[in-house]
Amino acid sequence: MDVNAAVAAAAAIAGVLTGVIAMLAFRWSEREQKRPTRTSLHTDPVLPPGVDTVLSVLRSSAVVLDEADAVVKASSAAYALGLVRGGKLAVEPMLQMARDTRRDGEIRQVELDLPRRGNGRGEALAVSARVAPLGSRLVLLLVEDLTEARRIEAVRRDFVANVSHELKTPVGALSLLSEAVMDASDDPGAVERFAGRMQIEATRLTNLVQELIDLSRVQNDDPLDDAEPVRVDELVAEAIDRCRQAAGTKQITMAAGGTADLHVRGNRGQLAAALGNLVENAVNYSPARTRVGIAARRVNAPGGDLIEIAVTDQGIGISEKDKERVFERFYRVDPARSRATGGTGLGLAIVKHVVASHGGEVTVWSAEGQGSTFTLRLPESGPARDRAQRRPDRTGLSAENERSPSSPHTSPYETLPAPEVLP
């Protein structure tokens, strides 16, 4: 009996000890779970109240870093610029700025040029980075993309420099010619000759100022604010009439063809100026006794039918290296010939802006010695697009059967439908 009692007592004591040990272990585990650990300090930082909301509405790219340089919060723009990759700030100069600011609490700002994402080709990204402390442990990085602003500033500087140069040329010529007239006051023949030169330079200056005004207008005005359906036939007739005298002087035949009764929607004045510039260039850069053709047609496109207006000449053509730049302001393929024709180098820039603002595009096909074809592609006007039955073109052929005027395998002049020769 005594042995049995001893065994029972020992078992009871062992059970009590086991329960006590289990209870102590449970309490210790609870305390450890509630205690902030080193890992939790790095992975679960808390943003100050309201900061998350402010960052979500900022236009700048925003990144918040903790004391271990881990990204706590980053905007979608920061990922788009490639600032954040794999939960880390990927730009070393910005990371060093963040560390310095965390150390001394000073706000820092710097402008950097970052390579493009992907293959890194093309223009670098110009950014302005500003770093400031955010609370006791966090650092806020704000990055502004300055690429477009710098590009616009460069264009503005180049534009002002080019305008200054272009204006000084005729103004200087007028000044010299006026002095020559004064010195030759007793020679009627010389006065007449110099006066004729002065008239040429004055006309060139007038054209330059007018085209500067036109370019400024098409860049600032929205043509769709007062858009209306415009007949393509009327635009072609107006462009031909504008260049009739110059073409007659060089015995150049003006021809119009293509599909009749087409309409585009936009600003009539701007569209007429754009097409007129193309026809005028074709006449100016064509040899005597050649032909300039204007053809219009409808083409199918996924977003709706387009109207193509092709202006083709048999002129000197454009080299491959010049094709990429012909739509730049003041760029001239042949500066000497431009001076002879009175060209300002702004006509094609105006064409490009007008067509782009109307939701279209302008392309060029050219081969040296074979001529050029400039093609305007503009959205068709709504009422015309809704017509189920298409009208035949002036040649009796449907527009679908025409070859593209910009085919690289043949001169685009060959693809024009039989034109109507205008006197």
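Residues take numbers from 1 onward in each chain, read along the sequence in its written order. Predicted model: local features are reported for residues with pLDDT of at least 70 only, side-chain atom pairs are reported and counted for 80 or more only, and whole-chain, interface and lining totals are derived from all residues. The side-chain quantities take in all heavy atoms of the structure and omit both hydrogens and water.

Going along the chain from the N terminus, every DSSP run of H or I of four or more residues is numbered as a helix, and every run of E of two or more is numbered as a strand. A tally of helices and strands in the chain yields 14 helices and 15 strands. Relative accessibility under 20% of the residue-type maximum defines a buried residue, over 50% an exposed one, and the middle range a partly exposed one, all with a 1.4 Å probe and only protein chains included. Residues classed as buried in the chain amount to 39% of the 423 residues present. Residues count as neighbours in contact if any of their non-hydrogen atoms are within 4.5 Å of one another. Considering only contacts in the chain between residues 6 or more positions apart, those separated by 24 or more positions represent 65%. Methods summary: accessible areas were calculated by the Shrake-Rupley approach with a probe of 1.4 Å, and residue burial reflects only the protein chains presented. Entry remark: accessible area of the chain is about 23,900 Å², with carbon and sulfur atoms responsible for 54%.

The next thing to look at is the packing of aromatic side chains. Two rings from Phe, Tyr or Trp (for Trp, the six-membered ring) form a pair when their centres sit within 6.5 Å of each other. Planes less than 30 degrees apart are called stacked, planes more than 60 degrees apart edge-to-face, and all others tilted. Summed over all chains, the structure comprises one aromatic pair. Plain terms: the ring middles of Phe327 and Phe374 are 6.1 Å apart, the flat faces sit at 85° to each other, and that makes the pair edge-to-face. On the criterion of sequence distance, the pair formed by Phe327 in the loop between α11 (320-323) and α12 (335-341) and Phe374 in strand β14 (residues 371-379) is long-range, its members being 47 residues apart. Each of the two residues, Phe327 as well as Phe374, counts as buried. We note Arg193 situated over the ring of Phe194; from NZ or CZ to the ring centre the distance is 5.1 Å. For a ring to carry a charge above it, either NZ of a lysine or CZ of an arginine must fall within 6 Å of the ring centroid while also lying within 35 degrees of the normal to the ring plane.

With antiparallel pairing, the five strands of this open sheet are ordered in space as β2-β1-β7-β6-β5. Single-partner strands in this sheet number two, and they are β2 (71-74) and β5 (108-114). Here the average twist between neighbouring strands, direction ignored, is 20°. In this analysis, strands are considered paired if DSSP registers two or more bridges between them. Where strand β1 (residues 61-65) and β2 come together, three bridges link them in antiparallel fashion. Note on β2: the bridge partner recorded for Val64 is Lys73. Axis geometry follows a simple rule: fit a line to the C-alpha atoms, using only the stretch in contact for helices, then measure angles between N-to-C directions, giving values from 0 to 180 degrees. Sheet strands touched by helix α5 (residues 92-104): β1, β5, β6 (125-134) and β7 (138-145). Its angle to β5, the strand with the most contacts, is close to 170°.

Moving on, we come to the pattern of salt bridges. Throughout this description, the term salt bridge denotes a Lys or Arg side-chain nitrogen within 4 Å of a carboxyl oxygen of Asp or Glu. All chains considered together, the criterion is met by 21 salt bridges. The residue Arg99 makes a salt bridge to Glu92 at a minimum N-O spacing of 3.9 Å. Relative accessible area serves as the criterion here: at 33%, Arg99 is assigned to the partly exposed category. Here Glu234 makes a salt bridge to Arg268, at a shortest N to O gap of 3.0 Å. Placement of Glu234 in helix α8 (residues 232-242) and of Arg268 in helix α10 (residues 268-284) is noted, with a sequence separation of 34 residues between them. The exposure class of Arg268 is partly exposed, given its relative accessible area of 28%. Counted as one network, the salt bridges with shared partners bring together Arg231, Asp233, Glu234, Glu238, Asp261 and Arg268.

Those residues of α8 that fall on the buried side of the exposure criterion are Val232, Asp233, Leu235, Val236, Ala239 and Ile240. The arc that holds every buried residue of α8, seen down its axis, measures 165°, which confines them to one face. Think of it as the arc spanned by the lines of direction from the helix axis to the C-beta atoms.

Here the focus is the pairing of β1. Across the five residues that make up β1, a large majority, five, are buried. Along β1, one buried face is formed by Ser61, Val63 and Leu65 and the opposite face, lined by Ala62 and Val64, is buried too. Bridge count between β1 and β7: five bridges; the pairing is antiparallel. Looking at the pairing, Ser61 lines up with Val143 of β7.

Scored from 0 to 100, pLDDT reflects the predictor's confidence in each residue. Residues with a pLDDT of 70 or more make up 72% of the chain, whose mean pLDDT is 76. This model gives residues 384-423 a pLDDT under 50, and the stretch forms 81 contacts once residues within four places in sequence are excluded.

Bringing the side chain of Thr312 into the picture now. Assignment of secondary structure puts Thr312 in strand β12 (residues 306-312). Two N or O atoms count as a polar contact when they lie within 3.5 Å, although within protein this holds only if one can serve as hydrogen donor and the other as acceptor, and sequence-adjacent residues are included solely when both atoms are side-chain atoms. There is a polar contact of 2.8 Å between the side chain of Thr312 and the side chain of Thr373.

It is worth spelling out the environment of Ala247 at this point. Looking at where Ala247 falls in the secondary structure, it is placed in helix α9 (residues 244-249). When the C-alpha atoms of Ala247 and Val283 are compared, they prove to be 6.1 Å apart, with 36 residues separating the residues in sequence. Those residues in contact with Ala247 that sit more than four places away from it in its chain are Ile252, Met254 and Val283.

This part takes up unusual backbone geometry. For Gln251, which is not glycine, the phi torsion reads 55° and is therefore positive. Topologically, Gln251 is positioned in the loop between α9 and β9 (253-258). Residue Asp261 is not a glycine yet carries a positive backbone phi of 60°. Here Asp261 shows up in the loop between β9 and β10 (263-266).

Below, the discussion takes up α10. An α-helix turns once every 3.6 residues. As a result, residues three or four positions apart point the same way. Residue count minus one, scaled by 1.5 Å, sets the expected span of a helix. The first and last C-alpha atoms of α10 sit 24 Å apart over 17 residues, in line with the 24 Å expected at 1.5 Å per residue. Among the 17 residues in α10, 12 count as buried, and that is most of the element. Among the residues making up α10, those that are buried are Gln270, Leu271, Ala272, Ala274, Leu275, Gly276, Asn277, Leu278, Val279, Ala282, Val283 and Asn284. Where α10 begins, one side-chain oxygen reaches toward the backbone nitrogen of Gly269, 3.0 Å away; that side chain belongs to Asn267.

Interaxial distance between α8 and α10 falls to 9 Å at its minimum, and their mutual angle equals 50°. The pairing of α8 with α10 is recorded here as oblique in orientation. In terms of crossing hand, the pair formed by α8 and α10 is right-handed. Residues Glu234, Leu235, Val236, Glu238, Ala239 and Arg242 of α8 touch α10, and the partners they reach there are Arg268, Leu271, Ala272, Ala273, Leu275, Gly276, Asn277, Val279 and Glu280. In the contact of α8 with α10, the residues fall into eight nonpolar, two polar and five charged. An angle below 35 degrees is treated as roughly parallel, one above 145 as roughly antiparallel, one from 65 to 115 as roughly perpendicular, and anything else as oblique. Each crossing gets its handedness from the near helix: less than a right angle anticlockwise from the far helix is left-handed, clockwise is right-handed. Nonpolar residues are Ala, Val, Leu, Ile, Met, Phe, Trp, Tyr, Cys and Pro. Charged residues are Asp, Glu, Lys and Arg, and all others, Gly as well, are polar.

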